[in-house]
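# Coordinate inspection notes
Here's the letter readout for the chains.
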Protein chains: 4
Amino acid sequence: MALIGGGGQAFIGRVHATAGTLDNRAELVAGALSSNPDKARAAAASFGIAADRAYGSWRELLDRESELPADRRVDFVSIATPNYTHYEIAREALQAGFHVVCDKPLTTRLEDAESLARVVRETGRVLALTHNYSGYPMVRQARAMIAAGEIGTVRAVRASYLQGWLWGWQPDPDAPRGAWKSDPEKSGPGGSLGDIGTHAYQLIRYVTQLAPRDLSCQLRTFRDGWTLDDYGQVTLRFTDNAIGSISFSQATHGHLNDLSIEVDGTTGSLFWRQESPNELVLRRFNQATQTLERAPGASYMNDAGRFACRLPGGHPEAFFEAFANVYVAAFDAMLAEGEAARQNPLAVFPTVDDGVEGVRFIEQCVASHQADGAWRAMNS
Amino acid sequence: MALIGGGGQAFIGRVHATAGTLDNRAELVAGALSSNPDKARAAAASFGIAADRAYGSWRELLDRESELPADRRVDFVSIATPNYTHYEIAREALQAGFHVVCDKPLTTRLEDAESLARVVRETGRVLALTHNYSGYPMVRQARAMIAAGEIGTVRAVRASYLQGWLWGWQPDPDAPRGAWKSDPEKSGPGGSLGDIGTHAYQLIRYVTQLAPRDLSCQLRTFRDGWTLDDYGQVTLRFTDNAIGSISFSQATHGHLNDLSIEVDGTTGSLFWRQESPNELVLRRFNQATQTLERAPGASYMNDAGRFACRLPGGHPEAFFEAFANVYVAAFDAMLAEGEAARQNPLAVFPTVDDGVEGVRFIEQCVASHQADGAWRAMNS
Amino acid sequence: MALIGGGGQAFIGRVHATAGTLDNRAELVAGALSSNPDKARAAAASFGIAADRAYGSWRELLDRESELPADRRVDFVSIATPNYTHYEIAREALQAGFHVVCDKPLTTRLEDAESLARVVRETGRVLALTHNYSGYPMVRQARAMIAAGEIGTVRAVRASYLQGWLWGWQPDPDAPRGAWKSDPEKSGPGGSLGDIGTHAYQLIRYVTQLAPRDLSCQLRTFRDGWTLDDYGQVTLRFTDNAIGSISFSQATHGHLNDLSIEVDGTTGSLFWRQESPNELVLRRFNQATQTLERAPGASYMNDAGRFACRLPGGHPEAFFEAFANVYVAAFDAMLAEGEAARQNPLAVFPTVDDGVEGVRFIEQCVASHQADGAWRAMNS
Amino acid sequence: MALIGGGGQAFIGRVHATAGTLDNRAELVAGALSSNPDKARAAAASFGIAADRAYGSWRELLDRESELPADRRVDFVSIATPNYTHYEIAREALQAGFHVVCDKPLTTRLEDAESLARVVRETGRVLALTHNYSGYPMVRQARAMIAAGEIGTVRAVRASYLQGWLWGWQPDPDAPRGAWKSDPEKSGPGGSLGDIGTHAYQLIRYVTQLAPRDLSCQLRTFRDGWTLDDYGQVTLRFTDNAIGSISFSQATHGHLNDLSIEVDGTTGSLFWRQESPNELVLRRFNQATQTLERAPGASYMNDAGRFACRLPGGHPEAFFEAFANVYVAAFDAMLAEGEAARQNPLAVFPTVDDGVEGVRFIEQCVASHQADGAWRAMNS
């Protein structure tokens with residue numbers, strides 16, 4: 001495993017390092033941890049990366065690792081850099097023969113995302129997108145329950161993703177950290193939309209497997225000095241008249257990372273919330289509300305849910321383990337490449353196609369907002 | 001107090017009877033409890049209404065009570081009949097000199113609602129609409145906190161009202177009970193929209209006092225055989241770029257009467273849920289989440305919240321008491337009529353103007369839905 | 001209905017007035033609301049009691065009401081006075097032919113309680129003790145579930161009753177209000193033990209119907225200046241080796257009226273909490289946790305639970321209604337006296353025998369504490 | 001790092017392997033994973049342990065690792081074997097110069113525990129006991145808040161540890177897995193008492209730092225066929241009249257691993273629950289209930305809480321990270337040995353002395369139970 005980016009103050013680099021190696025299936029041995037060569041090399045030690053594989057740039061990393069014998073070079077690179085750099089790094093890495101694990105959104109422009117999808121197909125490499133929330137055991141449990149028809153036909157879905165950290169942000173033109181997040185050139189056209197709205201959209205798609213038709217979006221910027229959206233509402237229409245809504249915010253006081261989803265089916269409803277990730281709530285008309293606690297041995301667990309667990313019930317699992325589950329699924333796909341590279345049906349991970357769809361979601365939301373909420377297609 | 005309607009299987013008649021008399025400020029002495037004269041008279045005894053004031057129809061009630069001497073006749077009538085009858089009954093009652101307490105929605109047509117507003121003004125009588133959720137102490141607490149600027153400027157609001165009882169409904173042309181609720185002629189053009197969507201809308205308006213500009217709406221009918229909407233999503237735009245969303249459903253399995261609201265201000269956010277009505281959650285960036293428990297003596301309670309309490313903290317209050325608080329506020333207005341009929345600022349109750357706005361909300365939602373979600377004005 | 005006591009600053013008088021009349025089965029027509037005759041008469045108006053039945057003392061009330069013709073005099077008196085006066089008032093009222101509804105604890109001395117039990121038997125009158133928490137629908141649901149064996153054989157029970165109001169109390173020898181609560185002569189030997197510990201004990205007995213054997217108790221006084229216990233722990237032993245614990249406190253910061261109970265059976269466990277009274281949690285090994293929401297129409301409700309409801313699910317009921325349910329059950333018993341005075345099996349109310357047991361509980365807890373936790377019998 | 005035991009079906013071996021290496025400060029390179037040599041060697045591969053360091057017994061491991069040059073041999077061994085083997089393995093490991101991380105309870109007999117404490121002192125090695133719940137950030141936050149006087153003087157503490165897995169256990173003399181847990185010879189004299197009661201006791205001690213005086217205990221066995229206690233209640237008395245209670249159960253249906261603690265101080269109370277580990281609830285009289293969410297940047301976090309975090313607020317941390325925090329603190333102590341081996345004050349870990357106290361707790365609880373609840377000293 002090689003890590004590109006993540007050596008600064010953001011926590012996501014550590015998350016990749018921890019999650020990628022949690023199950024002892026990978027080892028972090030190389031890195032280009034910053035766009036600043038000196039910082040990149042300096043940061044490597046704290047990640048346990050040896051000096052001779054602490055590279056000054058991602059290009060150097062790809063070049064030098066490619067020169068190593070096959071049994072010594074890294075198998076994949078994890079990309080934890082600002083959004084606008086994903087495209088070039090991922091493309092080059094894939095073309096150099098490496099598998100890729102990449103932060104979302106995949107790219108800042110739809111055409112780049114589509115181009116990457118072609119590269120993935122041409123190279124036969126795996127590209128996994130860290131929509132990490134799809135790695136939670138009870139999210140996988142919910143997905144499998146719905147796929148098995150346990151709540152009937154899905155009619156509606158509501159997702160919400162609320163954060164409040166923007167109230168702690170101070171406008172400062174010199175601030176390096178996170179500055180790219182408010183720069184449309186570097187972050188893409190969506191602010192909170194790209195940062196968290198896409199997570200909510202992907203979660204809806206992953207859990208319900210509803211086919212999208214079109215959307216209408218309203219965006220707002222509530223925080224003075226912030227240049228992108230920090231609040232938004234999306235109405236989603238799916239095939240067969242199903243409907244969905246997404247609210248996302250980075251300007252809701254006191255919410256930390258409050259992603260939730262509720263799905264209405266014709267025979268039941270399901271609710272899950274990221275900050276209480278070990279619980280899935282199942283409701284049926286006239287019956288007691290059922291709280292399904294993550295517990296691999298429990299009677300109500302299905303194979304997908306059980307497969308994603310590492311601990312018995314009551315011993316809570318959380319963010320790292322969910323993130324690691326995306327890695328685990330990607331590892332399986334990397335290993336399976338010789339034999340048709342299919343995903344483990346118990347542990348489907350977000351692919352480059354999900355990445356393309358996520359970038360389209362961002363672009364169509366922005367387009368809808370600019371057209372006063374006009375419907376924009378998602379099914380092309 | 002006289003009660004019109006409410007003698008059948010629906011529970012709302014008992015609610016009026018209990019809430020109206022909870023504080024011993026009114027006594028239920030007359031009734032026309034059904035549109036069927038025999039049933040009307042038969043039901044009266046179980047409400048403690050004497051036989052000589054158990055009338056066979058609302059017209060008879062108004063006529064006969066009007067003939068009684070002023071100190072014996074009822075002061076007001078409570079209307080708990082199907083929506084389509086509200087207009088005529090309320091109009092006649094007002095014109096006969098009675099105050100009126102009326103279920104929502106006020107009428108099934110906007111022109112009728114506007115006509116009623118004129119009658120209220122002409123007669124100088126009080127008309128209180130039982131948007132009972134505005135009577136909860138912690139809702140009044142929230143309203144007063146927001147009015148006092150305690151969460152800064154309101155930027156966004158999200159309301160949700162989920163029920164699931166429709167999955168217990170069976171299509172049956174002969175069924176009398178609740179049948180009018182699925183008949184647009186009797187219920188008005190909105191199904192769940194009129195039944196619960198208006199409650200959510202009124203709660204938003206009551207708590208935030210934001211001024212509405214326009215709305216976009218999507219409606220759905222998920223329950224086979226149901227003729228009106230049972231699900232909907234509304235995007236609301238207010239002045240000053242504030243935004244809101246409402247989700248309402250009577251087809252979400254296992255939710256009973258799950259009304260909630262969250263308000264985003266520039267210095268804090270507030271959350272309240274009807275099924276846990278004694279708690280109000282206040283959040284501020286970087287600070288501990290505060291749960292304000294209804295407790296008249298607590299340091300955080302304001303006058304409006306405290307004024308609406310009957311019991312010390314930890315001794316939960318609930319639906320009846322909130323409903324009664326609407327009555328109490330209406331009683332104050334009835335008594336104050338000689339002196340300019342102003343409402344008690346600590347206990348503002350929903351008036352005929354709120355009723356007109358609620359009917360406009362229904363009509364504009366339906367119009368927007370029929371125009372594929374086009375914006376419809378709420379500020380005319 | 002006549003009310004004795006309750007006219008001062010304590011809220012319990014209003015609770016009796018509201019709960020006793022909530023269902024329109026009784027009317028409050030007489031009162032002796034204070035031990036101070038002037039205050040007693042002055043308070044009556046605010047309770048809607050006519051001046052000619054606003055008495056200056058409880059003796060005057062009993063005398064004068066007894067002189068009224070049978071169809072005009074009150075049927076029962078509700079006693080909401082300090083503990084040390086219960087015995088004399090209740091005895092005299094019973095002997096004058098009135099039914100009695102009395103606050104707990106029944107008396108301050110066991111011999112008085114046993115004497116009262118004899119008077120009840122001799123007079124054939126009803127004495128209901130307002131252990132109001134046994135009136136909650138989901139408490140009755142739990143009792144009936146356990147009686148029907150739905151959680152198997154009960155092995156253990158844990159109850160907790162936490163309040164924190166004592167931190168707001170200030171030592172002041174002149175303070176009239178609540179002063180008797182810290183005076184052993186007036187309150188009885190238990191402080192928090194008698195005030196809330198007995199509620200927890202009665203709730204255990206009511207819900208589980210376990211037969212007590214003995215107990216061990218530790219008491220503490222944490223609030224400076226307070227003269228009675230404000231904290232305690234009791235270990236209870238029942239027949240058949242079942243075991244229980246009670247923690248009670250009036251010195252736990254921030255808890256308002258936090259009474260809860262959990263029962264362990266051989267096939268399931270049940271949990272209920274007074275501050276969320278509409279929910280009962282049922283757990284079984286290896287199965288989803290079930291939250292049974294109070295909802296008269298739901299599949300899981302039994303007759304006892306359903307019978308105690310006034311509103312549909314999701315329309316929360318609370319303290320007043322539970323209190324009123326004790327009254328309702330007592331009314332049924334009062335009406336049934338001619339025909340053997342049996343209680344409605346769906347709505348068992350606390351009787352004088354529960355009162356005797358409660359006073360024994362207090363005395364034995366104090367005795368155990370004074371003997372360094374030695375076991376004291378409860379089964380004699 | 002070397003792992004002894006943990007190669008069977010129990011999950012605790014994986015926990016040690018994951019937690020010990022989570023922060024990349026240790027690498028698992030050797031193991032004796034079973035008491036059966038073949039199984040021990042077979043299991044090693046799945047832990048990533050090379051064949052040449054996959055030993056057939058713990059003795060072989062200690063011998064062979066000792067022969068390796070200092071820079072190649074393991075620094076410490078983690079002991080995840082049945083309780084009755086801890087003493088001998090730990091003693092031999094310490095005497096061979098290795099640091100030790102050991103599961104609780106430390107030993108099955110008090111004299112062995114005291115002997116180990118002497119060995120630790122003689123050898124100067126670190127022995128860390130995996131009372132992992134003390135590693136949760138909000139537990140450390142609570143400890144530091146209490147130590148700083150933020151809730152005043154501690155008067156009372158209540159802990160509860162409920163599990164229900166025993167209802168899934170089947171009496172089977174041939175069952176190897178977990179069988180030692182019901183054998184007093186192998187498990188020690190306590191069943192649930194030793195398994196989870198000691199965790200609750202240690203959590204009380206860790207959080208409050210109250211000095212114990214004596215205890216009274218009742219034990220029960222509810223599960224047919226189980227030979228040790230599966231339920232218990234303990235009353236604890238501390239110096240200065242403070243009091244505590246512990247309830248523990250492995251026979252409470254549907255609870256998974258439900259450890260909680262509440263501490264009453266003179267100016268506030270604190271509540272924490274293991275299954276919602278990221279939340280700490282602070283209550284003060286008359287003020288809003290405060291929920292402190294684990295969030296390193298939040299205003300309310302103290303150094304001890306912040307130091308134990310790996311992720312921003314809202315990105316939940318859980319069991320593995322808490323377990324790893326015990327390892328991290330032990331690593332710091334191992335590294336610090338040359339300079340007086342003091343613990344990091346921000347991350348105090350359970351030591352051999354806590355282990356001795358835990359074994360005394362077990363013995364005195366059993367002794368008290370056998371003496372019908374008589375007080376047994378804890379302060380000698």
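A brief look at the structure comes next.

What counts, and where the lines are drawn
Residues numbered from 1 in each chain as written. Chains lettered and ligands numbered in written order. Predicted model: local features only at pLDDT ≥ 70, side-chain atom pairs only at ≥ 80, totals over all residues. Heavy atoms only, no water. Least-squares fit on C-alpha atoms with pLDDT ≥ 70 in both. Contact = heavy atoms within 4.5 Å. Buried < 20%, exposed > 50% of the residue type's maximum accessible area, 1.4 Å probe, protein only. Helix = DSSP H or I, 4+ residues; strand = E, 2+ residues; numbered from the N terminus. Pairing = 2+ DSSP bridges. Phe/Tyr/Trp six-rings, centres within 6.5 Å; stacked < 30°, edge-to-face > 60°. Salt bridge = Lys/Arg side-chain N within 4 Å of Asp/Glu carboxyl O. Polar contact = N/O pair within 3.5 Å; in protein donor to acceptor, adjacent residues only side chain to side chain. Nonpolar A, V, L, I, M, F, W, Y, C, P; charged D, E, K, R; others polar.

## Considerations on the relation of the copies chain B and chain A
Once chain B has been moved 0.0 Å along the axis and rotated by 180°, it coincides with chain A to within an RMSD of 0.0 Å. Both chain copies can therefore be described as sitting about a two-fold axis. When the interface residues of chain B are mapped onto chain A, 100% of them again fall at the interface, so both copies present the same face.

## Quick look at the pairing of strand E10 (residues 258–265) of chain D
Residues and elements named next belong to chain D. When you tally the buried positions in E10, you get eight out of eight residues, the bulk of the element. Of the two faces of E10, the one carrying Asp258, Ser260, Glu262 and Asp264 and the one carrying Leu259, Ile261, Val263 and Gly265 are both buried. Here strand E6 (residues 154–162) runs beside E10; their pairing, made up of eight bridges, is antiparallel. By the bridge assignment, Leu162 is partnered in E10 with Asp258. Remark: three residues form the turn of the hairpin made by E10 and strand E11 (residues 269–273), two consecutive strands paired antiparallel.

## A few points about the packing of aromatic side chains
All names here are of chain B. The final tally for this structure, using the stated rule, is 52 aromatic pairs over all chains. A ring pair is formed by Phe76 and Tyr327, whose centres lie 6.1 Å apart and whose planes are at 55°; its orientation type is tilted. Pair noted here: Phe76 is in strand E3 (residues 76–80) and Tyr327 is in helix H10 (residues 319–335), with a separation of 251 residues, a long-range link. With a relative accessible area of 3%, Phe76 lands in the buried category. Relative to Tyr161, the ring of Tyr133 lies with its centre 6.1 Å away and its plane at 80°, an arrangement referred to as edge-to-face.

## Describing the relation of the copies chain D and chain C
At an RMSD of 0.0 Å, chain D and chain C line up after a rotation of 180° and a shift of 0.0 Å along the axis. A symmetric contact is evident, with 100% of the interface residues of chain D recurring at the interface of chain C.

## A short note on the pattern of salt bridges
Residues and elements named next belong to chain A. Summed over the entire model, instances satisfying the criterion amount to 89 salt bridges over all chains. For Arg59, the salt bridge goes to Glu88, with nearest N and O atoms at 2.6 Å. Placement of Arg59 in helix H3 (residues 58–67) and of Glu88 in helix H4 (residues 83–95) is noted, with a sequence separation of 29 residues between them. By relative accessible area, Arg59 is classed as partly exposed at 39%.

## Observations concerning helix H6 (residues 137–147) of chain D
Residues and elements named next belong to chain D. Counting buried positions over the eleven residues of H6 gives nine, a clear majority of the element. The set of residues buried in H6 consists of Pro137, Met138, Val139, Arg140, Gln141, Ala142, Arg143, Met145 and Ile146. Directly after H6, the chain includes Gly149, whose backbone phi takes a positive value near 80°.

## Considerations on the pairing of strand E10 (residues 258–265) of chain C
On a regular strand, one side chain projects to one face of the sheet and the next to the other, so that they alternate. Strand direction decides the pairing type here: E10 of chain C and strand E11 (residues 269–273) of chain C, joined by five bridges, are antiparallel. Paired with Ser260 of chain C across the bridge in E11 of chain C is Arg273 of chain C.

## Topic: the interface of chain D and chain C
On the chain C side, the residues contacting the 37 residues of chain D number 37 residues. Linking chain D to chain C there are two salt bridges. Among the ionic pairs, Asp372 of chain D bridges to Arg237 of chain C, the shortest N-O distance being 2.7 Å. In this assembly, chain D and chain C are joined by 25 residue pairs in polar contact (both at pLDDT 80 or more). At the level of elements, E6, strand E7 (212–220), strand E8 (231–238), strand E9 (243–249) and E10 of chain D are the ones that each hand at least two residues to the side of chain D that touches chain C. Looking at which element gives the most residues to the side of chain D that touches chain C, the answer is E9 of chain D, with five residues. Its residues assigned to classes, the side of chain D that touches chain C shows nine nonpolar, 19 polar and nine charged.

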